[in-house]
Number of protein chains: 2
Amino acid sequence: MKELDIIQDVILNEHNQYLHNVSIDNVILVYHNKELKVLLQRPHGLAKWTLCGGYIKRTETIDEAAARIARERTGLEDLFLKQFKAFGNPTRTRDSAITVKFINEHIDHSTEKNNWMLDYFVSLGFYTLTEFELVRPTGELSAEECQWWDILKLPALLFDHKLIIEEALKALRLHLYNYPIGYKLLPEKFTLPEITSLYETILDKKLDDRNFSKKLLATGIITKLDERRNIGPHRSPFLYIFNKIKYDEALENGIVLSI
Amino acid sequence: MKELDIIQDVILNEHNQYLHNVSIDNVILVYHNKELKVLLQRPHGLAKWTLCGGYIKRTETIDEAAARIARERTGLEDLFLKQFKAFGNPTRTRDSAITVKFINEHIDHSTEKNNWMLDYFVSLGFYTLTEFELVRPTGELSAEECQWWDILKLPALLFDHKLIIEEALKALRLHLYNYPIGYKLLPEKFTLPEITSLYETILDKKLDDRNFSKKLLATGIITKLDERRNIGPHRSPFLYIFNKIKYDEALENGIVLSI
DNA sequence: CCTTTATTCCGTAAAAAATACGTAATATTA
DNA sequence: TAATATTACGTATTTTTTACGGAATAAAGG
């Protein structure tokens, strides 16, 4: 073995140590009927549900990959996406549901060719905020089912996807105090009771409506319209929109929402 | 081709799409002489400096990998580590410095075997906080040099490592407002002027010493000792330690340090 | 020994922000 | 037109944050 070969061999060995499966898992969230909901899919032949996930193409950035995955499932462009954490440990993709699927489909899961899904997997966690009304959940070919689930009543989830959702919510709560992102979950025009109850749901605590609206208005991020929503047998609440300029500024520099 | 083979082929193709190079880049920080310093190394035959990085073993979690990398460079166990962001795009590892190294070392960089470093690379960014006095920087065999650099006067860095450092500092600043992590950069016993100036350096703004110390003491996180530090021809400042119980609590639940 | 110098060490008053709280208006149904 | 469920909003109190200056002290130098 010549010296150069040895060097190349060392390099190649080192290379193999760097190679891992990498996926993106996207916690796509909406707010509907006073519930925070996450979009989940159930792959063909599997008894458990999964986050909307996918791989990274060699031609795109990880943010672009996450946006593409969100687009494939929601049909929407330009969604608000945020990377929040990477997950990786030797056993996170060990799940008996996969073995059951292989057995059911007569796939020989003892070969290296097929058991790769149980191998080391690094997953990059993103959350996406969007509006319930705009989304037409679509699993397309890759899933048997694709639908919204209340985050308080999740079905059985594959791998560590429950943990990933919990971490996404932790990150979302933290960001909610530092950025005006809550608005992304509401329609363009919304009422004060709606935004109050959204924040109450995410933060899981009761807010004083008078003080909360005072603070929101003080930031200048929302603007009152001369227009009301008809909500049936009750006084009609005013509609508000958010102020794009102030919003972008607060997104860039952060704000302190002491709520 | 039998049906099963086709399925397996599809699976295998999908598998390849998931495969990427994954590395960890660790922004190891200390505070010394009123400067925030980062530990960098210069690999053999390379003109540019890099963060302390490495790969993930298939037997460890990504946090364990980051801790191991920090240990290999600092000699210290149980460091404070925090994952802050993943980096990945098609061109982040294109750097002429690599090509120059290959040419200098007569390595044929046109073969797939050798140009893998220029391939798609996902890097998981961590920062590590520790004390200058405890660390003996050691590049060991993998680097020609390994030393501290003032974050305000960085040398030429490989790939996007300058960006990674900037993002680490952004994350550190944000965390500084929500967690009592600043203390990790100080020795066990420290003075009020020391911690004030540490926060001033990280946040890059002047603080009112009276109000800052009032707030710190109000959190209960630091405790005054009946002991002073001798600082030459000046009044000797009292020493403080931090309160482990309060500290852990604040680390767990977060605090709001309005500084 | 006394003066100089650079630094630490407080405390209080004013301003700003957060909190607590109750009642009148209103849109619809019966 | 009465009942019901909801929105709208202001003020007083408490808490937190900010602004600010002067006395104490450790060593060095004359």
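Criteria and thresholds
Residues numbered from 1 in each chain as written. Chains lettered and ligands numbered in written order. Predicted model: local features only at pLDDT ≥ 70, side-chain atom pairs only at ≥ 80, totals over all residues. Heavy atoms only, no water. Salt bridge = Lys/Arg side-chain N within 4 Å of Asp/Glu carboxyl O. Helix = DSSP H or I, 4+ residues; strand = E, 2+ residues; numbered from the N terminus. Buried < 20%, exposed > 50% of the residue type's maximum accessible area, 1.4 Å probe, protein only. Pairing = 2+ DSSP bridges.

**Q** Help me get a handle on the pattern of salt bridges, residues and values and all.
**A** Going through the model one piece at a time under the given rule, you end up with 40 salt bridges over all chains. Residue A:Asp160 pairs with A:Arg92 through a salt bridge whose shortest N-O separation is 2.6 Å. Of the two residues, A:Asp160 is situated in the loop between strand 6 (143–150) and helix 4 (161–178) and A:Arg92 in the loop between strand 4 (80–87) and helix 3 (96–104); the sequence distance between them amounts to 68 residues. Across the pair, exposure class does not vary: A:Asp160 and A:Arg92 are buried alike. A salt bridge links B:Lys101 to B:Glu105, with the shortest nitrogen-to-oxygen separation between them at 3.3 Å. With relative accessibility at 33%, the residue B:Glu105 sits in the partly exposed group. Overlapping salt bridges, with partners in common, bring together A:Glu35, A:Lys37, A:Asp150 and A:Lys153 in one network.

**Q** Run through the pairing of strand 3 (residues 50–54) of chain B, naming residues and quoting values.
**A** All names here are of chain B. For strand 3, the buried fraction is high: four of the five residues fall into the buried class. Relative to strand 3, strand 1 (residues 19–32) is paired through three bridges, and the arrangement is antiparallel. Within the sheet, the bridge partner assigned to isoleucine 24 lies in strand 3 and is glycine 54. Judged from the two bridges that link them, strand 2 (residues 35–43) and strand 3 form a sheet pairing that is antiparallel. The residue of strand 3 that forms the bridge with glutamine 41 is threonine 50.

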